[in-house]
Amino acid sequence: MDPQSISAAIGAAYGAIGEVMQANGITQAGAPLCITNSYNASGWKFDAAMPVDHNDVPLDGQVHSGTTYSGKALIFTHTGPYEKLSDTITKAYAWITVQGYKSKDRLIEEFVSDPGNTPPDLLV
């Protein structure tokens, strides 16, 4: 659950996806995603994902293809360091509850800014 472990796990997952993409001539078609499967006191379970131009190649091992939720969605934007992201998510879920909405799928995070060349306070 610590930021360094999260960063390492996400980096490793994107690295594995990148290797499969490169080996199969697949091009990135959007910002990297993290799809939360569960988040609680015991940890965070997620799928790292990458929008691509095609996913019609046979895959084996840890990398799989799939689709994200389709339909109406609520979009919330977090700007700032990743360490404060949970505050935005908590506020977003509170807003959803107050408005009477119910989640139908998992939380999908889109990492618009590159943390390698964006100051933490400007990350989107």
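Please refer to the structure higher up on the page.
So, a few notes on the structure that sits alongside this text. (Residues numbered from 1 in each chain as written. Predicted model: local features only at pLDDT ≥ 70, side-chain atom pairs only at ≥ 80, totals over all residues. Heavy atoms only, no water.)

1. Focus: the nonpolar core
- Residues Ile-10, Tyr-14, Ile-17, Met-21, Ile-26, Cys-34, Trp-44, Ala-48, Met-50, Val-57, Val-63 and Phe-111 constitute the largest nonpolar core, which totals 12 residues.
- Elements that contribute at least two residues to this core include exactly helix 1 (3-23) and strand 2 (43-49).
- Those residues in contact with Met-21 that sit more than four places away from it in its chain are Ile-26, Thr-27, Gln-28, Met-50 and Val-52. (Core = buried A, V, L, I, M, F, W, Y, C linked by side-chain atoms within 4.5 Å. Buried < 20%, exposed > 50% of the residue type's maximum accessible area, 1.4 Å probe, protein only. Helix = DSSP H or I, 4+ residues; strand = E, 2+ residues; numbered from the N terminus. Contact = heavy atoms within 4.5 Å.)

2. Remarks on a nonpolar patch on the surface
- A contiguous nonpolar surface patch, about 390 Å² in accessible area, is contributed by Leu-74, Phe-76, Trp-95 and Tyr-101.
- If you trace the backbone, Leu-74 turns up in the loop between strand 2 and helix 2 (85-99). (Patch = residues over 30% accessible without salt bridge, like charges linked within 9 Å, V, L, I, M, F, W, Y side chains within 5 Å. Areas by Shrake-Rupley, 256 points an atom, 1.4 Å probe, with all protein chains shown as cover. Salt bridge = Lys/Arg side-chain N within 4 Å of Asp/Glu carboxyl O.)

3. Description of helix 1
- Taking 1.5 Å of rise per residue, 21 residues should cover 30 Å, and helix 1 covers 30 Å from first to last C-alpha, within 8% of that figure.
- Within helix 1, the full set of buried residues consists of Ile-10, Tyr-14, Ile-17 and Met-21. Across the axial projection of helix 1, the buried residues extend over an arc of 60°, all falling on one side. Among the exposed residues of helix 1, those oriented more than 90 degrees off its buried face are Gln-4, Ala-12, Glu-19, Gln-22 and Ala-23.
- Tucked inside the fold, the buried residues of helix 1 contact strand 1 (33-40) and strand 2.
- Immediately downstream of helix 1, the backbone of Gly-25 shows phi near 65°, a positive value. (Expected span 1.5 Å × (residues − 1). Arc of directions from axis to C-beta.)

4. Let's talk about the packing of aromatic side chains
- A full pass over the atoms with the stated rule returns four aromatic pairs.
- Aromatic side chains Tyr-82 and Phe-111 sit 5.6 Å apart centroid to centroid with 75° between the ring planes, which places their arrangement in the edge-to-face category. Taken as a pair, Tyr-82 in the loop between strand 2 and helix 2 and Phe-111 in the segment after strand 3 (107-110) lie far apart in primary sequence, 29 residues in all.
- Its relative accessible area of 33% is what places Tyr-82 among the partly exposed residues. (Phe/Tyr/Trp six-rings, centres within 6.5 Å; stacked < 30°, edge-to-face > 60°.)

5. A look at the environment of Glu-109
- By secondary structure assignment, the location of Glu-109 is in strand 3.
- Judged by its relative accessible area of 11%, Glu-109 falls in the buried class.
- Sequence separation of Glu-109 and Ile-89 is 20 residues, and the distance between their C-alpha atoms is 9.9 Å.
- Residues in contact with Glu-109, not counting those within four places in the same chain, are Pro-32, Leu-33, Cys-34, Thr-36, Trp-44, Leu-85 and Ile-89.

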